[in-house]
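# An overview of the molecular structure
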Amino acid sequence: MATVKAGLIQVGLKGDTSATPARIREQMLEAHIPYIDQAGAAGVNVLCFQEVFTQPYFCPSQDAKWYAAAEKIPDGPTVKLMQEYAKKHSMVIVVPIYEEEITGVYYNTAAVIDADGKYLGKYRKTHIPQVAGFYEKFFFKPGSSDWPVFETAFCKLGVYICYDRHFPEGWRALALNGAEYIVNPSATVAGLSQYLWKLEQPASAVANGVYIGAINRPGTEDPWNIGRFYGSSYVVNPRGEFLVEASEDKDELVTADMDMELVREVRNTWQFFRDRRPETYGRLTDI
């Protein structure tokens, strides 16, 4: 398609973190469904949610309670439900959830569902932080997904997740594998991160000649209160220009029309792929 409509949904936590993960999942799905239907009515072609969208960002804790939030992919309840909505609205949906491979092996994952409801595959978060307030290694095993690009009904789609965005190598690998649009579902709080939020992903879009959709949740989450999740979900084009930006503090759907011919135009103008010198980059992998 020459024009693809992207949709991003950001939603603050519903309910109380003292509830069970199953109950919180129910509440978060209930909150998202009206926005999914709104996206379908607006003609969105590719929809994405925030990182681990059915749960709080529980990584400030090191509480094994949250292992119960993990689901099978594609046979768990959330992916199955999103397959129904993808088919209902003829819409590609990227579903970022906590994945259980087997008991005791869990990943931060995004499932990709095509516009006919078919499960296409998944990307598992590659880079896992372990710093104050972000104890992700307690919850997530690092993924090794080999940079999949999904041939959807509307575009060639890549996924990168939250902390991954700080590593330029993955953006480049996805683009070299054919990605035209890359989504980055995230959970990130105000501070140093907010400055980088509007810097890194537009720069990566330019460096790789791709559209990027960046999704972040809004609000604060008790009892951890590690900071304010500042929303500000957005789509940028291959020139690094903002096409749409959400508020910092509201639940909302934002949409943007992406001219996919611009991917070819920008890559042919800058020729960054032609002028790469991978034979000189051994230092990037030898330490």
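Bear in mind that the values here come from a model prediction, so they are computed numbers and not experimental data.

### A closer look at the overall build of the chain
A count of helices and strands for the chain gives five helices and 16 strands. On C-alpha atoms alone, the chain measures out to a radius of gyration of 18 Å, which is about the 19 Å that the 2.2 N^0.38 rule sets for 287 residues. Seen through its principal axes, the chain has C-alpha atoms that stretch 55 × 50 × 35 Å. Relative to its full complement of 287 residues, the chain shows a buried share of 56%. Residue pairs at least 24 apart in sequence account for 69% of intrachain contacts in the chain once pairs closer than 6 positions are excluded. For the chain, the exposed area adds up to about 11900 Å²; of that, 52% sits on carbon and sulfur atoms.

### A word on the pairing of strand S15 (residues 242-245)
Of the pairings in the sheet, the one linking strand S14 (residues 234-236) to S15 comprises three bridges and is antiparallel in character. Bridge pairing in S15 links Val-235 to Val-244. Hairpin remark: S14 followed by S15, antiparallel, with five residues in the connecting loop; positive phi at Gly-240, about 80°.

### What about the sheet that holds strand S11 (residues 211-216)?
Taken together, six strands build an open sheet; the order of strands is S8-S9-S10-S11-S14-S15 and the sheet is mixed. Each having just a single partner strand, strand S8 (149-151) and S15 make up the two edges of the open sheet. Pairs of neighbouring strands in the sheet enclose a mean axial angle of 20°, with direction left out of account. Two elements, S8 and strand S9 (residues 156-159), share three bridges in a ladder whose sense is antiparallel. Within S9, the residue paired with Glu-151 across the bridge is Lys-156. Along the sheet, helix H3 (residues 168-176) makes contact with S8, S9, strand S10 (181-186) and S11, crossing S10 at roughly 145°.

### Description of the confidence of the model for the chain
The pLDDT averaged across the chain works out to 97; a share of 100% of its residues lies at or above 70. Looking across the chain, the model is least confident in strand S6 (residues 130-131), with a mean pLDDT of 92, and most confident in strand S2 (residues 46-48), with 99.

### Some points on the pairing of S10
Of all six residues in S10, six are buried, a share of seventy percent or more. By the bridge criterion, three bridges tie S9 to S10 in an arrangement that is parallel. Within the sheet, the bridge partner assigned to Gly-158 lies in S10 and is Ile-182. Note that the unit made of S9, H3 and S10 has a crossover that is right-handed. Pairing analysis gives six bridges linking S10 to S11, with the strands arranged parallel. Paired with Ser-186 across the strands is Asn-216, a residue of S11. Tracing the backbone out of S10, into helix H4 (residues 192-208) and back to the parallel element S11 gives a crossover that is right-handed.

### Structural notes on the packing of H3 against H4
Any two packed helices are characterised by how steeply their axes cross, that is the angle between the axes, and by the distance between the axes. It is at 10 Å that the axes of H3 and H4 come closest, and there the two elements cross at 40°. Considered as vectors, H3 and H4 are oriented oblique to each other. You can see that H3 and H4 cross each other, and the crossing is right-handed. For the pair H3 and H4, contact is made by Trp-171, Arg-172 and Ala-175 and by Gln-201, Ser-204, Ala-207 and Asn-208, respectively. Within the contact of H3 with H4, the residues separate by chemical class into three nonpolar, three polar and one charged.

Calculation rules
- Residues numbered from 1 in each chain as written.
- Predicted model: local features only at pLDDT ≥ 70, side-chain atom pairs only at ≥ 80, totals over all residues.
- Heavy atoms only, no water.
- Helix = DSSP H or I, 4+ residues; strand = E, 2+ residues; numbered from the N terminus.
- Rg over C-alpha atoms; globule rule 2.2 N^0.38 Å.
- Buried < 20%, exposed > 50% of the residue type's maximum accessible area, 1.4 Å probe, protein only.
- Contact = heavy atoms within 4.5 Å.
- Areas by Shrake-Rupley, 256 points an atom, 1.4 Å probe, with all protein chains shown as cover.
- Pairing = 2+ DSSP bridges.
- Axes fitted to C-alpha atoms, helices over the stretch in contact; angles between N-to-C directions.
- pLDDT = per-residue confidence, 0-100.
- Right-handed = clockwise from strand over helix to strand, strands pointing away.
- Parallel < 35°, antiparallel > 145°, perpendicular 65-115°, else oblique.
- Left-handed = near helix turned anticlockwise from the far one by under 90°.
- Nonpolar A, V, L, I, M, F, W, Y, C, P; charged D, E, K, R; others polar.

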